[in-house]
Amino acid sequence: MKQPVLASLCLSLAASIWGGMYVVSKYVLDYIPPFTLVWLRYAVALIVLGAIAAMKGERPPKNGRDWGMIITVGIIGYVVSISLQFVGTKWSNAHTASLITASTPAFVVLFARWLLGEVLTWRKMAALLLATAGVIVIVGLGGGGESTLAGNMALVGAAITWALLSVLVKIASGRLPVLSITTYAIFTAFIGMTPMMLTEGPGLAASHWSVPVALGVLYLGVVSTAGAFFLWNKGMEMIDAGVGSLFFFFQPLVGSLFGWLLLHEELAASFWLGGALIVAGVVVAVRSEQSA
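Residues numbered from 1 in each chain as written. Predicted model: local features only at pLDDT ≥ 70, side-chain atom pairs only at ≥ 80, totals over all residues. Heavy atoms only, no water.

1. Thoughts on the overall build of the protein chain
Here is step 1 of the chain: Of regular secondary structure, the protein chain possesses 12 helices and 0 strands.
Here is step 2 of the chain: Reading the protein chain from its N terminus to its C terminus gives the helix and strand order α-α-α-α-α-α-α-α-α-α-α-α.
Here is step 3 of the chain: Taken across its 292 residues, the protein chain has 47% of its residues classed as buried.
Here is step 4 of the chain: Within the protein chain, counting contacts between residues at least 6 apart in sequence, those at least 24 apart form 91% of the total. (Helix = DSSP H or I, 4+ residues; strand = E, 2+ residues; numbered from the N terminus. Buried < 20%, exposed > 50% of the residue type's maximum accessible area, 1.4 Å probe, protein only. Contact = heavy atoms within 4.5 Å.)

2. Notes on the environment of L257
Here is step 1 of the chain: One can find L257 in helix α11 (residues 250-262).
Here is step 2 of the chain: Among residues more than four places away in sequence, those in contact with L257 are L267, F271 and W272.

3. A few points about the packing of helix α3 (residues 64-91) against helix α7 (residues 149-172)
Here is step 1 of the chain: One can describe the packing of α3 onto α7 by two numbers: an axis separation of 7 Å at closest approach and a directional angle of 155°. Viewed along their axes, α3 and α7 adopt a mutual orientation that is roughly antiparallel. Like other packed secondary-structure pairs, α3 and α7 cross with a definite hand, here left-handed.
Here is step 2 of the chain: In the contact of α3 with α7, the residues fall into 20 nonpolar, 9 polar and no charged. (Axes fitted to C-alpha atoms, helices over the stretch in contact; angles between N-to-C directions. Parallel < 35°, antiparallel > 145°, perpendicular 65-115°, else oblique. Left-handed = near helix turned anticlockwise from the far one by under 90°. Nonpolar A, V, L, I, M, F, W, Y, C, P; charged D, E, K, R; others polar.)

4. What about α11?
At 3.6 residues per turn, the α-helix brings residues three or four places apart onto the same side.
Here is step 1 of the chain: Its 13 residues give α11 an end-to-end C-alpha distance of 18 Å, which sits within 8% of 18 Å, the value for a rise of 1.5 Å per residue.
Here is step 2 of the chain: Listed as buried for α11 are F250, Q251, L253, V254 and G259. (Expected span 1.5 Å × (residues − 1).)

5. Digging into the nonpolar core
Here is step 1 of the chain: If you look at the biggest cluster of nonpolar residues, it comprises 75 residues, and the most contacted ones within it are Y42, Y78, W162 and W232.
Here is step 2 of the chain: Residues contacting W162, with those up to four places away along its chain left out, are W18, G77, Y78, S81, I82, T104, F229, W232 and F248. (Core = buried A, V, L, I, M, F, W, Y, C linked by side-chain atoms within 4.5 Å.)

6. Observations concerning a nonpolar patch on the surface
Here is step 1 of the chain: A cluster of nonpolar residues, F258, W260, L261, L262 and W272, forms a patch on the protein surface that exposes about 530 Å² of accessible area.
Here is step 2 of the chain: For the nonpolar patch, the leading source of residues is α11, giving 4 residues.
Here is step 3 of the chain: Looking at where L262 falls in the secondary structure, it is placed in helix α11. (Patch = residues over 30% accessible without salt bridge, like charges linked within 9 Å, V, L, I, M, F, W, Y side chains within 5 Å. Areas by Shrake-Rupley, 256 points an atom, 1.4 Å probe, with all protein chains shown as cover. Salt bridge = Lys/Arg side-chain N within 4 Å of Asp/Glu carboxyl O.)

7. What to know about the environment of I32
Here is step 1 of the chain: If you trace the backbone, I32 turns up in the loop between α1 (3-28) and α2 (34-55).
Here is step 2 of the chain: For the pair I32 and H208, spaced 176 residues apart in sequence, the C-alpha separation works out to 6.7 Å.

8. Overview of the pattern of salt bridges
Here is step 1 of the chain: As enumerated under the stated definition, the model contains 2 salt bridges in all.
Here is step 2 of the chain: Of the charged contacts, one joins R175 and D66 as a salt bridge, the two residues approaching to 2.7 Å between their closest N and O atoms. Of this pair, R175 sits in the loop between α7 and α8 (178-198) while D66 sits in helix α3, and the two are 109 residues apart along the sequence.
Here is step 3 of the chain: Among the ionic pairs, K234 bridges to E237, the shortest N-O distance being 3.1 Å. With a gap of 3 residues between them, K234 and E237 both fall in helix α9 (residues 211-238), about one helical turn apart.

9. Digging into empty space enclosed by the protein
Here is step 1 of the chain: Applying the stated criterion across every chain yields a total of 1 cavity of 30 Å³ or more.
Here is step 2 of the chain: Taken together, V109, A112, R113, E118, V119, L120, K124 and G242 make up the full set of residues lining the largest cavity.
Here is step 3 of the chain: Looking at the lining of the largest cavity element by element, the count peaks at 3 residues for helix α5 (residues 104-116).
Here is step 4 of the chain: Partitioning the lining of the largest cavity into residue classes produces 4 nonpolar, 1 polar and 3 charged. (1 Å grid on protein atoms, 1.4 Å probe; cavity = no way out; pocket = protein on both sides within 12 Å on 5 of 7 lines; lining within 4 Å. Points joined across faces, edges and corners; volume = space filled by probe spheres on them.)

10. A few points about the packing of α2 against α8
Here is step 1 of the chain: One way to put it is that α2 packs onto α8 with a least axis distance of 9 Å and a crossing angle of 150°. The angle between α2 and α8 places the two elements in the roughly antiparallel class. Crossing of α2 against α8: the hand is left-handed. Every residue of α8 that contacts α2 at F35, T36, V38, W39, Y42, A43, A45, L46, L49, G50, I52 and A53 is listed here: L179, T182, T183, I186, F187, A189, F190, M193, T194, M196 and M197.
Here is step 2 of the chain: Grouping the amino acids of the contact of α2 with α8 by side-chain chemistry returns 18 nonpolar, 5 polar and no charged.

What follows is the structure, given as structure tokens:
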């Protein structure tokens, strides 16, 4: 299988998992505070990835430079970006959060140009504009609910730091296996999230637990964290960062579909038009990668 095709599968699956994650998160967050839930996600993911790494004979990095890259990925991507996303969503509204988050691929293109020297072709620009237009068509430009400046700034910070993470992972994958990068970056994030989890008080009270909540935490840890983080990092390793970033747009697309299927939310004609634009943008980007 050609690398652009395999990368497309990895990235689209990762973004689709994150899109569907919100249905599970919405339920679990009624019982477990947000930072505590993120900490639990990382704990479960660390156990899964650590066991896989041990079976495959993966060893920890041997030098300070490699550890420096992994720690940077863990802090910037899995601590700072995720925390800013939670804070921004809390202080803003879902509509504004969707629009600002959609800026992530644009930041990836900029970081890829600066740090990787990737060429910004007209095909990449056309693909980015098509996919961005698709998100705007789906979400709309007019917002509802209150949105604060602090919340919006936090969301912009989340978009920038996740974009930087995607490029840093591509750089690190030139020296280290993706499994090692993902495992030890999540280990870094687990340590970094511990003080934040402790500030939430009795986040792990026995009264919060039930079989559905436990299954939700396991799903978020195993599938949405261990699986999706690895797939995203693997996909970014095999394809230009600017092209790979466009698959991020599958997240709101799949999230809306799951809301329609499981929560019986209505989908307007704008959803299908926007979805078509997103898919068209990704197709243009992947074809440009295959012809490069």
